[in-house]
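What follows is each chain in one-letter form.
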Amino acid sequence: MRLGGDEFAMFIPEIVDESNANDFFERIFDNIDEIEISEMGDRKIYVSLGASICLTGEETTFDQLYREMDIAMYESKKQDGYCATIYNN
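Here the structure is a predicted model, which is why all the values come from computation and not from measurement.

So, how was this worked out
- Residues numbered from 1 in each chain as written.
- Predicted model: local features only at pLDDT ≥ 70, side-chain atom pairs only at ≥ 80, totals over all residues.
- Heavy atoms only, no water.
- Helix = DSSP H or I, 4+ residues; strand = E, 2+ residues; numbered from the N terminus.
- Buried < 20%, exposed > 50% of the residue type's maximum accessible area, 1.4 Å probe, protein only.
- Contact = heavy atoms within 4.5 Å.
- Areas by Shrake-Rupley, 256 points an atom, 1.4 Å probe, with all protein chains shown as cover.
- Lys, Arg positive; Asp, Glu negative; His and termini not counted.
- Charge placed at Lys NZ, Arg CZ, Asp CG, Glu CD.
- Expected span 1.5 Å × (residues − 1).
- Arc of directions from axis to C-beta.
- Salt bridge = Lys/Arg side-chain N within 4 Å of Asp/Glu carboxyl O.
- Polar contact = N/O pair within 3.5 Å; in protein donor to acceptor, adjacent residues only side chain to side chain.

Q: What should I look at first to understand the overall build of the protein chain in this one?
A: On a plain count of helices and strands, the protein chain comes out with two helices and four strands. Sequence-ordered secondary structure for the protein chain, helices as α and strands as β, is β-β-α-β-α-β. If one aligns the C-alpha atoms of the protein chain with their principal axes, the spans along those axes are about 50 × 25 × 25 Å. Of all 89 residues assigned to the protein chain, the portion counted as buried reaches 25%. For the protein chain, the share of sequence-separated contacts (at least 6 apart) that also reach a separation of at least 24 residues comes to 54%. Accessible surface, the protein chain as shown: approximately 6,900 Å² in total, 48% of it carbon and sulfur. Between the averaged position of the 7 positive side-chain charges in the protein chain and that of its 20 negative side-chain charges there is a distance of 7 Å.

What follows is the structure, given as structure tokens:
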């Protein structure tokens, strides 16, 4: 769903650990890296991602997950280029 501005949220039930998440992030980055927009010249599109993993059986709310993802995303934005951070309290 689109949350506002340039922020999007995804719920992906198959990702249950950091290894799965990192593989998914790499696929996203690889696909975005192939995008070429002639009007942008040599400039690239970069993405900052934040994630929170909720394991089966854990009780949480969308609001809690969103806060965690937001914290992680802002950590990613501190880096140049592609970056994905998984929330770790």
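Text resumes after the structure shown.
Q: What should I look at first to understand helix H2 (residues 62–76) in this one?
A: Every α-helical turn comprises 3.6 residues, leaving residues that sit three or four positions apart pointing alike. If you check H2, its first and last C-alpha atoms are 21 Å apart, about what 15 residues at 1.5 Å a residue would give, namely 21 Å. Buried within H2 we find Leu65, Glu68, Met69, Ala72, Met73 and Ser76. Looking down the long axis of H2, one finds its buried residues gathered within 140° of arc, a one-sided arrangement. On the buried face of H2, the contacting elements are strand E2 (7–8), strand E3 (48–51) and strand E4 (83–86).

Q: For this particular structure, what's the right way to read the pattern of salt bridges?
A: A full pass over the atoms with the stated rule returns two salt bridges. Of the charged contacts, one joins Asp33 and Lys44 as a salt bridge, the two residues approaching to 2.9 Å between their closest N and O atoms. Taken together, the residues Asp33 in helix H1 (residues 18–33) and Lys44 in the loop between H1 and E3 connect sequence positions 11 residues apart. Residue classification places Lys44 among the partly exposed residues on the basis of a relative accessible area of 38%. Of the charged contacts in the structure, one is a salt bridge between Glu75 and Lys78, with a shortest N-O distance of 2.9 Å. Its relative accessible area of 37% is what places Glu75 among the partly exposed residues. Since its relative accessible area comes to 60%, Lys78 is described here as exposed.

Q: I tried to follow H1 on my own but got confused; where do I start?
A: With 16 residues, H1 ought to run about 22 Å at 1.5 Å a step, and its terminal C-alpha atoms sit 22 Å apart, in line with that. Of the residues making up H1, those classed as buried are Ala21, Phe24, Phe25, Ile28, Phe29 and Ile32. Along the axis of H1, the buried positions cluster into a sector of 135°, meaning they face one direction only. Those residues of H1 that are buried are in contact with E3 and E4. Two to three positions downstream of the cap, the backbone nitrogen of Ser19 sits 3.1 Å from a side-chain oxygen, assigning the N-cap of H1 to Asp17.

By themselves these figures say nothing about function.
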